[in-house]
Structures are given as structure tokens and as C-alpha cells.
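Spelled out from the first residue to the last, the chains are:
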Amino acid sequence: MYRPLVGTLATAVLGAAALVTAAAPAGAAPAGAAAHHKPKPPRTQAVDFAGTVALDDCSGSIVKMPTSQPDDPALVMTNGHCLESGMPSPGEVIVDQPSSRSFTVLDKSAGDLGTLTATKVAYSTMTDTDVTFYETGSTYAQIQQKYGIKPLELSTDHPTKGAGITVVSGYWKKTYTCNIDGFVPTLKEGDWTWKDSVRYTPECKTIGGTSGSPVIDNGTGKVTAINNTGNENGERCTVNNPCEVDANGNVTVHKGTNYAEETYTIPKCFGTGNKLDLNAAGCTLPKPSGVRR
């Protein structure tokens, strides 16, 4: 799990910061190719830092659902393991927990614009997925008026293998560009288990502090997943060393490979006014057995 500066990870994370690389631009035609034979490049959206936020130890983003309205309270999305009160236990789901956490709002060039403040944790879990949603005390319209920033929209489509993506880290103020290499039926890390996770191609060398970064589909400009972990040392199914489990139960380890959790089903769990409704039709987020205060 890519949360920085925790225990013995501090040295490794700071050292890894210098290793961030950008992927080579896609779609370049071979030298000497005739102009009319050049393939048409895929349609892409410009991806920048607008809509992202920096937390004290993670990355995040201001997000909206397709049905969200300008006067709805804005939501900030980050990982479940970035929750300020501690990582949720396996099977634990947290809803409506008071919070006054602050987020630094970034402009398109990663400059600091100001802060947003949460009023509560609307939802948080590390079961099946790894996500936290904060409800803030500002509406989308107020944020746009004050900072000129629009929210990022969660896609309702399953990510596509081979799609170009950009992981946007507000914490490091860096982007990582690669493709979706494939999907993992079950990803296990320590005591936690995640389902249908996204595996990146090697160019996305995400590090500690990128936890909670939105994963943007370069073709649509929408959020398709949330960055959360990678196998650092080649260990098998340990913390910071997730392992892949296929549909037949076979376990494989991919040192240096990084992962994200899909977000396409989440909009079905938020209704009018951005209110969480875990009983809504099509909502597959785990439900709480109890509420942690």
C-alpha cells in the first residue's frame, strides 16, 4: 500500500522519488512513413492536475458522479488505507464518521490554490476495494467560483485492457503514464483482499505517496480507477507486496508491478445530493456490519 513515510518505508520512498519516469509518447509513426499512411492517433484528453488534491500523506481528487449537481456537497476520493483514523480492518466498513481533514487543492500545473475541509467520512473500506470518500463543506459550484476548478467525473464503464491511463499524484505533484496491462480476479496484500484489480504496464512506477491518486482514462478524461499498491520486494502476499490470485486459485508474484482498484460501480451507490445509498440498485460496495465512531 502506497502510503509514504511510515516506519521503515521512509527511506525507500524518498529514494524512489528520484526514479519516476514518464512513458514515451504513444502513436509515433515510423521514420520515413508516408503522411497518408500514418495511423490516426487515438483520441486523447489532456490530463493535468486540475481536480486533484494533496493530503498530508496521500493523494486524492475532487470527484463527482454522473448525476451530481453543482450545488451538491463536493466529494474527495482517496484510498481506504489513507483514512486518518487508521486503516480499516478486513471486513470493516466505515460510514458517516465525523472528520475535519483538510485537502490542498491544486491547479492544472500542480500549484497550490487553497484548501478544502471535510465534514465527514461518507464511506471507507479496504474490503473488495480500497477507497475513502469524504464529504466536504463546499459545493462544486463554490469550489469552481473560488478556485476555478471543476471536479473529475467517475466513469461508469469497466476499464479496458490496453487503454492509455495517467495516474495523477497530488502528493508528489507528478504524473505516471502507461496502459492497463490487464485485470486481477483477486489481489491479496497482508490481511486484505481486493477484487477485479487493475494491473499497470511497467511504465507506471508509482511509489509511496501516490496512494489515492485518480487513474484517468486518457481517451475519456474520466476517472477509471484509484491507485493503491504495488509489489516492492517480490514477497508473496505481504504488506507492500501484493500477490495475484487467478480464477483457479493460482498465486503469482510480480515484483515491481503496480495496481489500482476499479471505480466504475461506485456511482450507483450515490444518489440525489451525493448521498450514500448502499441499498441502491446495482451498488456493490460492501455494507457495514457496524459503524466506527
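Just so it is clear, the model here is predicted, and its values are computed rather than measured.

Visitor: I'd like a rundown of helix H2 (residues 140-147), residues and numbers included.
Guide: Among the residues making up H2, those that are buried are Tyr140, Ile143 and Tyr147. One side of H2 holds all its buried residues, which, seen down the axis, span an arc of 60°. Exposed residues pointing more than 90 degrees away from the buried face of H2 are listed as Gln145 and Lys146. Elements in contact with the buried residues of H2: strand S2 (59-64), strand S3 (73-78), strand S5 (102-106), strand S6 (112-125) and strand S7 (131-139). Count one or two residues on from H2 and you reach Gly148, which has phi positive near 75°.

Visitor: Talk me through the pattern of salt bridges; I want residue IDs and the actual numbers.
Guide: Tallied over the full model, the rule gives 10 salt bridges. As a salt-bridge pair, Asp96 and Lys120 come within 2.9 Å of each other at their nearest N and O atoms. A residue pair is termed long-range when its members are at least 10 positions apart, and Asp96 in strand S4 (residues 93-98) and Lys120 in strand S6 qualify at 24 residues. Across the salt bridge formed by Lys222 and Glu153, the nearest N and O atoms sit 3.6 Å from each other. Note that Lys222 is positioned in the loop between strand S12 (214-217) and strand S13 (223-230) and Glu153 in strand S8 (residues 152-153), a separation of 69 residues in sequence. By relative accessible area, Lys222 is classed as partly exposed at 31%.

Visitor: Break down the side chain of Glu92 for me, citing the residues and quoting the values.
Guide: Its location among the elements puts Glu92 in the loop between S3 and S4. A polar atom in the side chain of Glu92 sits 2.9 Å from the backbone nitrogen of Ser89.

What counts, and where the lines are drawn
- Residues numbered from 1 in each chain as written.
- Predicted model: local features only at pLDDT ≥ 70, side-chain atom pairs only at ≥ 80, totals over all residues.
- Heavy atoms only, no water.
- Buried < 20%, exposed > 50% of the residue type's maximum accessible area, 1.4 Å probe, protein only.
- Helix = DSSP H or I, 4+ residues; strand = E, 2+ residues; numbered from the N terminus.
- Arc of directions from axis to C-beta.
- Contact = heavy atoms within 4.5 Å.
- Salt bridge = Lys/Arg side-chain N within 4 Å of Asp/Glu carboxyl O.
- Polar contact = N/O pair within 3.5 Å; in protein donor to acceptor, adjacent residues only side chain to side chain.

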